Amino acid sequence: MKKHKKKKALQDIRQRRLFCAFSDINDNFAEWYRATQLEIDRMEQEVAGYLLPSHL
């Protein structure tokens, strides 16, 4: 019975570590996506500025 409890405890630890790792990956991806989106928005504004009639 002790072997089963030890195995279960190790599985619980592994699951918590995996959850934390995936959570970190998700947070990092979200930060990267936001930064990328901000850069895209700036580029769109810059291109739109060049295309406005006042620059022709």
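Because the structure is predicted, anything quoted here is derived from the model rather than measured.

Undergrad: Got a minute to help me understand the pattern of salt bridges in this structure?
TA: Should the charged atoms of two oppositely charged side chains come close, the side chains can pair. Summed over the entire model, instances satisfying the criterion amount to two salt bridges. In this structure, Lys 8 and Asp 12 form a salt bridge, with 3.1 Å as the shortest nitrogen-oxygen distance. Of this pair, Lys 8 and Asp 12 both sit in helix H1 (residues 2-51), four residues apart, which is roughly one turn of the helix. Looking at Asp 12, the relative accessible area reads 26%, which means it is partly exposed.

Undergrad: Is there a simple way to think about the packing of aromatic side chains in this case?
TA: Two aromatic rings are characterised by how far apart their centres lie and by the angle between their planes. One pass over the structure, following the stated rule, counts two aromatic pairs. With a centroid separation of 5.5 Å and 35° between ring planes, the pair formed by Phe 29 and Trp 32 is classed as tilted. Highlighted residues: Phe 29 and Trp 32, both in helix H1, separated by three residues, approximately one helical turn. The structure contains a cluster of three or more aromatic residues connected by ring pairs, namely Phe 29, Trp 32 and Tyr 33.

How each quantity is defined
Residues numbered from 1 in each chain as written. Predicted model: local features only at pLDDT ≥ 70, side-chain atom pairs only at ≥ 80, totals over all residues. Heavy atoms only, no water. Salt bridge = Lys/Arg side-chain N within 4 Å of Asp/Glu carboxyl O. Helix = DSSP H or I, 4+ residues; strand = E, 2+ residues; numbered from the N terminus. Buried < 20%, exposed > 50% of the residue type's maximum accessible area, 1.4 Å probe, protein only. Phe/Tyr/Trp six-rings, centres within 6.5 Å; stacked < 30°, edge-to-face > 60°.

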